[in-house]
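Chain by chain, the residues:
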Amino acid sequence: MSATTHAETKRNAASLAHYPSVAAVIDKLRPTLPVYALFPPAFRSAVQTFIDGFPGETMFAVKANHADPVLDHLHGAGIKHFDVASLAEVRLIRERFADAKLSFMAPVRIRGAAGEAFRTFAVRNFALDSEDELAVILSETGANNDRSIAAQLTLYVRLHVPADGALLELSSKFGASITQAAELLRLIAASGAKPGLTFHVGSQCLHPRSYQAALKRCGDAIKQSGVTLAALDVGGGFPGYYLNVTVPPLEEYFAAIKDGVAALKLPEGCAIYCEPGRALAADGLSVITQVLLRRDHTIYINDGIYGSLNEYALQNWPVRYPLRVYAESNGRIIEKKSRIASFKAFGPTCDTLDVLHYLIELPDNVAAGDWIEFQQLGAYSCALRTGFNGFYPDTFVEIRA
Ligand SMILES: Cc1ncc(COP(=O)(O)O)c(C=O)c1O
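Residues numbered from 1 in each chain as written. Predicted model: local features only at pLDDT ≥ 70, side-chain atom pairs only at ≥ 80, totals over all residues.

### A few points about the site of the ligand
Phase 1: Of all residues adjacent to the ligand, which total 18 residues, the nearest are Ala-61, Ser-203, Gly-236, Gly-277 and Arg-278.
Phase 2: Residue classes in the shell around the ligand are distributed as 8 nonpolar, 6 polar and 4 charged. (Near = placed C-beta within 6 Å. Nonpolar A, V, L, I, M, F, W, Y, C, P; charged D, E, K, R; others polar.)

Have a look at this one:
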């Protein structure tokens, strides 16, 4: 394999090297750098679950995984609308899928981003949680001087909702109170733009009731504002089905959302959206790493928290990812199975902080040179890799029968 490079390679899912199994990948490549192995059926099945069950249109939150082949699989499976949160994501999706619908759902943007997204990339949907950002959007798009431009915009007020149902809260950074949201909805309607509401219950949300509680707050904001809502986006937060966390089936989340939306008695034609990242991406990708050194029950591996294993640095993160260990035996790659023991795992950089914050469970006979497959790491793994210390994993393959 070639040396690491910080520049991401452009690629298509269709042109990736493919192998029948992870063992076959290891057998062929004997990889010394991390490899991302994609499982296309997992992306298809995740998308289909949302298409079948969610009572509205599903976007993909690009921040969870912006790798080209992942986007290709999700798009091929039926995702035609993307939640983008930076101009770079806007450009990435517009250039890849010319007809895709884009919603720019970061409530605070780089100066000029809303204007360029509107003018150059045909973005018409924006989120905000302050009067200042509303003024920026109206001014950069020209909607403040031209009602015909305003009429093209759907502006979503991001509502503050309690963070108690999710493992990763996303409430302390963004979100207007009910009273502020009502005022923003009135200002949006007065500007001539279409008023929308959105919220985020937090990532890896464990309780469907969190969506119902958030929807009830939407009802309060709508009532206070007196406006006719054009669109409601219930955000992301849908869980991954990892080890060590108990989560109800997605159908229960969809049912809670259906009930919560029905109770709002929204006007006919009010569009309903969701924007999952984790739930669409998690199951479709494994990270194949190699053990560099073993010292008693401490191992050094070739990926870490500055690379694809960033979620191992989250605080109070009970999630565990399924692991498998592969080794070479008589020229063949076999899966190692033995008594399980706990290991401390350091990443490849020289930084002491580059250590997984949680012990990992591996066969007791794991050894230097073996490979560890971290499964279900399609969300917030390669998306968060840095080039720190020269380590930038960027090899993708597919597992196809
Ligand atoms: C605005 C917004 N939408 C959607 C998502 C995706 O969330 P999740 O991956 O939990 O579904 C995020 C995550 O940070 C977000 O900030």
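### Observations regarding the pairing of strand β7 (residues 125–128)
Phase 1: Burial of β7 is two-sided: the residues Asn-125 and Ala-127 facing one way and the residues Phe-126 and Leu-128 facing the other way are all buried.
Phase 2: In the sheet, strand β6 (residues 101–104) pairs with β7 via 2 bridges, with the strands oriented parallel. Residue pairing across strands places Ser-103 opposite Asn-125, the latter belonging to β7.
Phase 3: Sheet topology note: the β7/strand β8 (residues 154–158) ladder contains 4 bridges and is parallel. The residue bridging Phe-126 from the neighbouring strand is Leu-155, located in β8. (Buried ≥ 20, exposed ≤ 12 C-beta atoms within 10 Å, placed from the backbone. Helix = DSSP H or I, 4+ residues; strand = E, 2+ residues; numbered from the N terminus. Pairing = 2+ DSSP bridges.)

### A few points about helix α10 (residues 250–264)
Phase 1: For α10, spanning 15 residues, the distance from its first C-alpha to its last is 21 Å, which sits close to the expected 21 Å at 1.5 Å a residue.
Phase 2: If you check which residues of α10 are buried, you get Leu-250, Tyr-253, Phe-254, Ala-256, Ile-257, Gly-260 and Val-261. Down the axis of α10, the buried side of the element spans an arc of 160°, and every buried residue falls inside it. For α10, the exposed residues lying more than 90 degrees away from the buried face are Glu-251, Ala-262 and Ala-263.
Phase 3: Those residues of α10 that are buried lie in contact with α2 (40–53), α9 (209–225), β12 (231–233), β13 (271–274) and α11 (278–281).
Phase 4: Two residues or fewer past α10, Lys-265 is found with a positive phi of approximately 50°. (Expected span 1.5 Å × (residues − 1). Arc of directions from axis to C-beta. Contact = placed C-beta atoms within 7 Å.)

### A closer look at helix α1 (residues 22–29)
Phase 1: For α1, the complete set of buried residues consists of Val-22, Val-25 and Ile-26. Seen end-on, α1 carries its buried residues on one side only, within an arc spanning 95°.
Phase 2: Trailing α1 by a residue or two, Arg-30 shows a phi angle of about 40°, which is positive.

### What about the pairing of strand β14 (residues 285–295)?
The two faces of the sheet receive side chains in turn, since in a regular strand these alternate between them.
Phase 1: Looking at chain direction, strand β2 (residues 35–38) and β14 are connected through 4 bridges and run antiparallel. Opposite Val-35, over in β14, you have Ile-288 as the bridge partner.
Phase 2: By the bridge criterion, 4 bridges tie β14 to strand β15 (residues 298–301) in an arrangement that is antiparallel. Residue Leu-293 lies in a different strand from β15, and its bridge partner there is Tyr-300.
Phase 3: Connecting β14 to the antiparallel partner β15 that follows it, the hairpin turn spans 2 residues, and Asp-296 within it adopts a positive phi of roughly 50°.

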